[in-house]
2 protein chains.
Amino acid sequence: MTDVPTAPDVPGAPDVPAGVTIRRPVEADHRRVVVLVDDWWGDRRLQHLLPRLWFQHFGGTSWIAESDDGRVAGFLVGFVSPDHPERAYVHVIGTRPNLRRQGLGRELYRRFLEDVAGRGVRQVRAITWAANRGSIAFHRRLGFRLHDGPGTSPIYGVPAFADYDSEADDKVLFILDL
Amino acid sequence: MTDVPTAPDVPGAPDVPAGVTIRRPVEADHRRVVVLVDDWWGDRRLQHLLPRLWFQHFGGTSWIAESDDGRVAGFLVGFVSPDHPERAYVHVIGTRPNLRRQGLGRELYRRFLEDVAGRGVRQVRAITWAANRGSIAFHRRLGFRLHDGPGTSPIYGVPAFADYDSEADDKVLFILDL
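Quick caveat: nothing in here was measured; it's all calculated off a predicted structure.

> Break down the overall build of chain A for me, with residues and values.
A count of helices and strands for chain A gives 4 helices and 9 strands. Starting at the N terminus and ending at the C terminus, chain A contains elements arranged as β-α-α-β-β-β-α-β-α-β-β-β-β. A compact globule built from 178 residues would reach a C-alpha radius of gyration of about 16 Å, and chain A, at 16 Å, matches this within 12%. C-alpha atoms of chain A, sized along the principal axes, occupy 45 × 35 × 30 Å. Taking all 178 residues of chain A together, 56% fall into the buried category. Sequence-distant contacts in chain A: of pairs separated by 6 or more residues, those separated by 24 or more amount to 66%.

Take a look at the structure:
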């Protein structure tokens with residue numbers, strides 16, 4: 001279902017931009033990430049997506065990337081669903097705009113899939129705004145399909161849930177079967 | 001540390017207002033709860049605290065209360081920390097304003113403590129705004145202490161973390177040792 005390598009022994013060096021290293025996030029990273037998010041995502045007001053709790057309780061299935069000047073290069077915050085242990089969810093993934101299309105987002109996802117596949121997860125889900133063409137193309141390249149089942153209707157040419165998280169919030173649901 | 005009963009065999013009927021029943025939330029409850037939250041909490045803009053994911057993945061440690069006319073009477077959304085399995089976190093608890101001071105919030109907490117104590121949790125944490133005197137008094141009545149360790153300073157007369165989730169967001173941290 002996917003062309004994302006999930007085995008821990010992927011041959012060759014990780015496919016990330018030069019000088020970028022990846023590690024587990026810690027609570028102290030929260031502020032550094034939060035101040036960046038709006039800039040990275042076209043000035044949407046997104047700080048509310050990342051309260052500190054994600055960095056306190058979900059670090060074990062999340063990743064942060066830094067460039068060698070110490071700046072945050074990207075991050076992924078995800079978890080295994082307590083209600084559906086065979087399912088994992090990526091809450092937020094972001095990369096610095098000038099580092100995009102260089103494999104960093106793919107590498108963050110590869111590590112997350114490795115994390116959760118080892119815990120019995122069989123399906124990964126994520127969402128984005130129906131208008132976010134960049135994220136939709138990225139997830140499609142990783143092998144995700146767009147859910148087009150009950151509850152969805154075409155919005156901006158993609159199947160989306162209207163009023164998903166709140167009023168006038170139209171979301172696309174990505175699904176990847178492992 | 002607390003006067004909240006945590007044993008599953010608490011004698012007598014649950015101490016909730018007449019006509020109120022409590023069950024596990026499901027995803028379909030998300031919209032019903034989200035449209036209420038701002039009203040209940042003095043028109044703070046809080047919908048962003050409750051994206052749909054909480055109702056998709058954390059229902060097994062959450063509760064929703066309804067009155068016999070079918071309206072939402074209260075809810076609690078919480079989880080056991082994946083990074084710290086001995087710790088649980090209450091993300092949001094709310095009760096309908098005209099049902100407060102009747103034991104419903106306490107009963108929601110009692111059920112949550114019962115949930116998590118059975119999974120090995122030894123400490124429960126929650127936060128609120130430093131100015132939220134009602135929530136601070138409520139948590140104190142339940143036996144929570146206000147964390148006053150490193151990183152806190154007095155704000156509105158209580159120990160609080162400045163800029164906790166975002167700029168100018170001052171939060172009090174409640175801790176209950178089981």
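More follows now that the structure is in view.
> Any chance you could break down helix α1 (residues 29–40) of chain B for me, citing the residues and the numbers?
Residue and element names in this part refer to chain B. When the terminal C-alpha atoms of α1 are compared, their 16 Å separation across 12 residues agrees well with the 16 Å that a helix rising 1.5 Å per residue should span. Of the residues making up α1, those classed as buried are Asp-29, His-30, Val-33, Val-34, Val-37, Asp-38 and Trp-40. One side of α1 holds all its buried residues, which, seen down the axis, span an arc of 155°. On its buried face, α1 sits against β1 (21–23), α2 (53–57), β2 (63–66), β3 (72–80) and β4 (87–95). A positive backbone phi angle near 65° is found at Gly-42, which sits one or two residues after α1.

> I'd like a description of the pairing of strand β9 (residues 171–177) of chain B, backed by residues and values.
Residue and element names in this part refer to chain B. Taking burial as the measure, the 7 residues of β9 include 6 buried ones, the bulk of the element. As defined by bridge partners, strand β5 (residues 123–129) adjoins β9 across 7 bridges and the pair is classed as antiparallel. Pairing of Gln-123 across the sheet is with Asp-177, part of β9. Across 2 bridges, strand β6 (residues 145–146) lies against β9 in antiparallel orientation. Within β9, the position partnered with Leu-146 by the bridge is Phe-174.

> Quick one: what's the story with helix α4 (residues 133–141) of chain A, residue by residue and with numbers?
All names here are of chain A. Where α4 is concerned, the buried positions are Ser-135, Ile-136, Phe-138 and His-139. Take α4 and look down its axis: the buried residues cluster within an arc of 165°, on one side only. In this fold, the buried residues of α4 make contact with β4 (87–95), α3 (104–117), β5 (123–129), β6 (145–146), β8 (158–160) and β9 (171–177). Just downstream of α4 lies Gly-143, where phi reads positive at about 105°.

> Can you explain the nonpolar core? Please cite residues and give values.
Proteins that are soluble and globular tend to have nonpolar side chains buried together. Counting residues in hydrophobic clusters, the biggest one holds 50 residues, and the most contacted among them are A:Leu50, A:Trp54, A:Phe75, B:Leu50, B:Trp54 and B:Phe75. Contact partners of B:Phe75, with chain neighbours within four places excluded, come to B:Val33, B:Val37, B:Trp40, B:Leu50, B:Trp63, B:Ile64, B:Val92, B:Ile93, B:Gly94 and B:Leu108.

> Break down the packing of aromatic side chains for me, with residues and values.
Going through the model one piece at a time under the given rule, you end up with 23 aromatic pairs over all chains. Plain terms: the ring middles of B:Tyr109 and B:Phe138 are 6.0 Å apart, the flat faces sit at 45° to each other, and that makes the pair tilted. You can see B:Tyr109 sitting in helix α3 (residues 104–117) and its partner B:Phe138 sitting in helix α4 (residues 133–141), a full 29 residues away along the chain. Summarising the burial analysis for this pair, B:Tyr109 and B:Phe138 share the class buried. Above the plane of the ring of A:Trp63 lies A:Arg111, whose end atom (NZ or CZ) is 4.9 Å from the centre.

> Explain unusual backbone geometry to me, and be specific about the residues and the numbers.
Residue A:Asp163 is not a glycine yet carries a positive backbone phi of 55°. Here A:Asp163 shows up in the loop between β8 and β9. If you check the backbone angles, B:Arg101 has positive phi at about 65° while not being a glycine. Within the secondary structure, B:Arg101 sits in the loop between β4 and α3. The class for B:Arg101 is exposed, based on a relative accessible area of 69%.

> Tell me about the sheet that holds β6(B), and please be specific about residues and values.
Residues and elements named next belong to chain B. Read from one edge of the open sheet, 7 strands run β1-β2-β3-β4-β5-β9-β6, paired in mixed fashion. Edge positions in the sheet fall to β1 and β6, since each of these pairs with one other strand and no more. As paired elements, β2 and β3 share 4 bridges and run antiparallel to each other. When the sheet's bridge partners are listed, Trp-63 is paired in β3 with Leu-76.

> Can you tell me about the relation of the copies chain B and chain A, naming the residues and giving the values?
Of the transformation placing chain B onto chain A, the axial shift is 0.0 Å and the rotation is 180°, giving an RMSD of 0.0 Å. The superposition operator between the copies reduces to a two-fold rotation axis. Proximity to the rotation axis, assessed at the C-alpha, singles out B:His48 in chain B; its C-alpha lies 3.0 Å from the axis. Both copies share a contact surface, since 100% of the interface residues of chain B are interface residues in chain A too.

> Describe the pattern of salt bridges, naming the residues involved and giving the relevant values.
Residues and elements named next belong to chain A. Counting across every chain of the model gives 26 salt bridges over all chains. Residues Arg-71 and Asp-69 are paired through a salt bridge, measuring 3.6 Å at the closest nitrogen-oxygen approach. In this structure Arg-71 comes out as partly exposed when scored by relative accessible area, which is 47%. Put simply, Lys-171 and Asp-165 hold a salt bridge, and the shortest N to O gap is 2.9 Å. With relative accessibility at 6%, the residue Lys-171 sits in the buried group.

Scoring rules and cut-offs
- Residues numbered from 1 in each chain as written.
- Chains lettered and ligands numbered in written order.
- Predicted model: local features only at pLDDT ≥ 70, side-chain atom pairs only at ≥ 80, totals over all residues.
- Heavy atoms only, no water.
- Helix = DSSP H or I, 4+ residues; strand = E, 2+ residues; numbered from the N terminus.
- Rg over C-alpha atoms; globule rule 2.2 N^0.38 Å.
- Buried < 20%, exposed > 50% of the residue type's maximum accessible area, 1.4 Å probe, protein only.
- Contact = heavy atoms within 4.5 Å.
- Expected span 1.5 Å × (residues − 1).
- Arc of directions from axis to C-beta.
- Pairing = 2+ DSSP bridges.
- Core = buried A, V, L, I, M, F, W, Y, C linked by side-chain atoms within 4.5 Å.
- Phe/Tyr/Trp six-rings, centres within 6.5 Å; stacked < 30°, edge-to-face > 60°.
- Lys NZ or Arg CZ within 6 Å of the ring centre and 35° of its normal.
- Least-squares fit on C-alpha atoms with pLDDT ≥ 70 in both.
- Salt bridge = Lys/Arg side-chain N within 4 Å of Asp/Glu carboxyl O.

Worth remembering: the numbers are spatial, not functional.
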